[in-house]
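In case you want the letters, here they are:
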Amino acid sequence: MTKKKILLCGNQKSFSRFLKYKFQDVLNIDLCRDFKEANVQSNVYQAIVIVAYTEEEFLDFLKIYERKIPFAICCFNKPASDTLKNDKNVFFIDTSKVKSQIISQLSVYFEKNVFGSQNLITD
């Protein structure tokens, strides 16, 4: 099976590296550290995951994003999280959960938006 390609945007290494490690067996993940310079190409990526620590980071990403590719947001900023979780166009990952629950949420997102019905949940 050919791995699907996703873009993972996050300017801090630890959480992005953790996500890349957890899904490396089923996804080809490109990392982008600068939201303003993300190369979002709908013919290249099947999905995008944004790891944002401030609302400004998310807004920087939205400036270059045209909403042609499904995306999920992992937001570690409480005020921004409260705003984003009410947006029906955003798949919101609740970062107040433990890592295993975050992985389960992302697995559901990838199953729906990238693979269809394959089971990706990993331990």
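Computed from a predicted model, the values in this text were never measured in an experiment.

Each turn of an α-helix holds 3.6 residues, which means side chains three or four residues apart point in the same direction. Looking only at helix 2 (residues 55-64), the buried set comprises Glu57, Phe58, Asp60 and Phe61. In a view along the axis of helix 2, the buried residues occupy a sector of 155°, so they form one face of it. The outward face of helix 2, more than 90 degrees from its buried face, is lined by the exposed residues Glu56 and Lys63.

For the coordinates displayed, the defined rule picks out three aromatic pairs. Aromatic pair Phe23 and Phe110: ring centres 4.9 Å apart, planes at 80°, arrangement edge-to-face. Of this pair, Phe23 sits in helix 1 (residues 13-23) while Phe110 sits in helix 4 (residues 99-115), and the two are 87 residues apart along the sequence. Of the two residues examined, Phe23 and Phe110, each falls in the buried class. Where Tyr109 meets Phe110, the ring centres are 5.5 Å apart and the plane angle is 55°; that geometry is what we call tilted. Phe110 sits in the buried class, given a relative accessible area of 2%.

The strand order across the open sheet formed by five strands is 2-1-3-4-5, and the pairing between neighbours is parallel. Two strands close off the open sheet at either side, each with one partner strand: strand 2 (27-32) and strand 5 (91-93). Pairwise comparison of adjacent strand axes, ignoring direction, gives a mean angle of 20° for this sheet. Pairing between strand 3 (residues 47-52) and strand 4 (residues 71-75): five bridges, direction parallel.

Definitions and limits used
Residues numbered from 1 in each chain as written. Predicted model: local features only at pLDDT ≥ 70, side-chain atom pairs only at ≥ 80, totals over all residues. Heavy atoms only, no water. Buried < 20%, exposed > 50% of the residue type's maximum accessible area, 1.4 Å probe, protein only. Helix = DSSP H or I, 4+ residues; strand = E, 2+ residues; numbered from the N terminus. Arc of directions from axis to C-beta. Phe/Tyr/Trp six-rings, centres within 6.5 Å; stacked < 30°, edge-to-face > 60°. Pairing = 2+ DSSP bridges. Axes fitted to C-alpha atoms, helices over the stretch in contact; angles between N-to-C directions.

Everything listed is a geometric property; what it means functionally is a separate question.
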